[in-house]
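Below are the chains, spelled out letter by letter.
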Amino acid sequence: MKPALSTIIADIVAQMGEATDRGKVADYIPELAKVDPARFAIAIATADGDLLTGGDADTGFSIQSVSKVFALTLALGKVGDQLWDRVGREPSGNAFNSIVQLEREQGIPRNPFINAGAIVVSDVNLGGHQPRVAIGEMLRFMRYLSGDDSIAINEDVAASETATGFRNMALANYMRAFGNVRHPVDLVLGTYFHQCAIEMNCRQLALAGRYLMLDGRHPDGGRVVSPSRARRINALMLTCGHYDASGDFAFRVGIPGKSGVGGGILAIVPGRASIAVWSPGLNDSGNSCLGTQALELLARRTGWSVFSPPEEGD
Ligand code: GLN
């Protein structure tokens, strides 16, 4: 008999508690460097409507690049497939904040999950408005998806990145030179930095990802995106969600996932589960060290790799 999901979660939390190599907390955004590396959390929202949690699942963290999934969803809602004229859909094979590829590829970022791509997505979401309008829309979206109105932006994190985000400024200015950023760079980055500074806990993040497990539906019955769009977002998470370690993540875990430098990862098992893990220590590619290990263990124990054949009775 398969062990209960709650047993698997308890085992993972225990194992992560004993880990000695926990990675290194991001310090290029000074505010993130203050987070305790000993933290670990997991939350799993299942297709049956259950929510199971372990560890520090009620502790908020900076979702950072996990926000790129939700910002992409909003941008596709605004401009549809025209987005793909301005952003590619290929893994980059480069670090999340790399600038080199942009020159060769005429200011068109490889995909919406590297920083350059997400900055173009923010430019789309800005849509001629002031950043506070686009940021308000994003916050409302996150609250609706997770059914939790307490979700907010950590203004200290946003300010910290605004003061130090020189690489992102370079990326945005560079793309503006190619006409692929259309609003003033400070407004686009204001939108982007605030979206990255949204603070959520694992419970809220797992709930927010449910539409991607449910083929585009909100559990309340509303449609967030079409089934084909949900599948495509999941495909992009699998191929591009972990930057130049996306191949390794697919190899080890086999589940679409999107990481952030705050140490969070959202992982989607279509038809089965929306999973959030968090541990602030990062590996060399800027992805949560224990978060990745926990998902690897979870996939192995549950058979949830998207490459597993369906079980009898499924
Ligand atoms: N806000 C971060 C940055 O732009 C997001 C990067 C990430 O989470 N990988 O550098």
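Each remark here, short or long, concerns the structure printed above.
Quick look at the structure, then. Quantities reported herein were computed from a predicted structural model and do not represent experimental measurements.

Thresholds applied
- Counting of residues starts from 1 at the beginning of each chain's written sequence and follows it residue by residue.
- Where local features are concerned, this predicted model is filtered to residues with pLDDT of at least 70; where side-chain atom pairs are given and counted, the filter is 80 or more; whole-chain, interface and lining totals use all residues.
- The side-chain values count all of the structure's non-hydrogen atoms but skip hydrogen atoms and water molecules.
- Nearness is defined per residue: one heavy atom within 4 Å of the molecule or strand is enough.
- What qualifies as a polar contact is a pair of N or O atoms within 3.5 Å, subject to a donor-acceptor requirement within protein and to the restriction that residues adjacent in sequence count only when both atoms come from side chains.
- Method for areas: the Shrake-Rupley scheme with a 1.4 Å probe, in which residue coverage is limited to the protein chains shown.
- Under the grouping applied here, Gly and all other residues not named as nonpolar or charged are polar, the nonpolar ones being Ala, Val, Leu, Ile, Met, Phe, Trp, Tyr, Cys and Pro and the charged ones Asp, Glu, Lys and Arg.
- One requirement defines pairing of two strands: DSSP has to find at least two bridges between them.
- Under the DSSP-based scheme used, a helix requires at least four consecutive residues in state H or I and a strand at least two consecutive residues in state E, with every element numbered from the N terminus.
- Working definition of a nonpolar core: buried Ala, Val, Leu, Ile, Met, Phe, Trp, Tyr and Cys residues. They are joined through side-chain atoms within 4.5 Å.
- The buried label goes to any residue with under 20% of its type's maximum accessible area, the exposed label to any with over 50%, and the partly exposed label to all in between, with areas taken from a 1.4 Å probe on protein chains only.
- Only protein atoms enter the 1 Å grid used here, on which a cavity is any set of points holding a 1.4 Å probe that cannot leave and a pocket is any open set flanked by protein within 12 Å on both sides along at least five of seven lines; residues with an atom within 4 Å of a point are listed as lining.
- Grid points are joined across faces, edges and corners, and a volume is the space filled by probe spheres set on the points.
- Only the six-membered ring of Trp is used, alongside the rings of Phe and Tyr, when aromatic pairs are assigned; centres must lie within 6.5 Å, and planes under 30 degrees apart are stacked while those over 60 apart are edge-to-face, with the rest tilted.

## Some remarks on the site of the ligand
- In the vicinity of the ligand, the residues found are Tyr28, Gln64, Ser65, Phe96, Asn115, Glu161, Asn168, Tyr192, Cys196, Tyr243, Gly260 and Val261.
- Residue Asn115 places a side-chain N or O atom 3.0 Å away from an oxygen atom belonging to the ligand.
- A distance of 2.9 Å separates a nitrogen atom of the ligand from a polar atom in the side chain of Tyr243.
- Against a free-state accessible area of 290 Å², the protein chains account for coverage of 100% of the ligand.
- For the shell around the ligand, the class distribution of residues is six nonpolar, five polar and one charged.

## Considering the pairing of strand 3 (residues 51-55)
- Here strand 2 (residues 41-46) pairs with strand 3 via five bridges, running antiparallel. When the sheet's bridge partners are listed, Ile42 is paired in strand 3 with Gly54.
- Between strand 2 and strand 3, which follow one another and run antiparallel, lie four residues, and Gly49 among them has a positive phi close to 100°.

## Looking at the nonpolar core
- Among the nonpolar cores identified, the biggest contains 77 residues, and Phe70, Ile119 and Ile198 are the most heavily contacted of them.
- Judged by nonpolar contacts, the second largest core, of 25 residues, contains Leu5, Leu52, Val253 and Ile265.

## Some remarks on empty space enclosed by the protein
- Under the criterion given, the structure shown has three cavities of 30 Å³ or more.
- Roughly 70 Å³ of volume is contained in the largest cavity.
- Along its surface, the largest cavity is lined by Ser92, Asn94, Ala95, Ser98, Gln101, Leu102, Glu105, Ile108, Pro109, Arg110 and Ile114.
- Partitioned by chemical class, the residues of the lining of the largest cavity number five nonpolar, four polar and two charged.
- Space inside the second largest cavity adds up to approximately 50 Å³.
- Lining the second largest cavity are Leu74, Asn125, Ala134, Ile135, Glu137, Met138, Thr191 and Gln195.
- Taken together, the elements giving at least two residues each to the lining of the second largest cavity come down to helix 5 (131-146) and helix 8 (185-196).
- In terms of residue count, the dominant contributor to the lining of the second largest cavity is helix 5 (four residues).

## Some words on the packing of aromatic side chains
- According to the stated counting rule, one finds seven aromatic pairs in the structure shown.
- These aromatic residues form a ring-pair network of at least three members: Tyr28, Phe96 and Tyr243.

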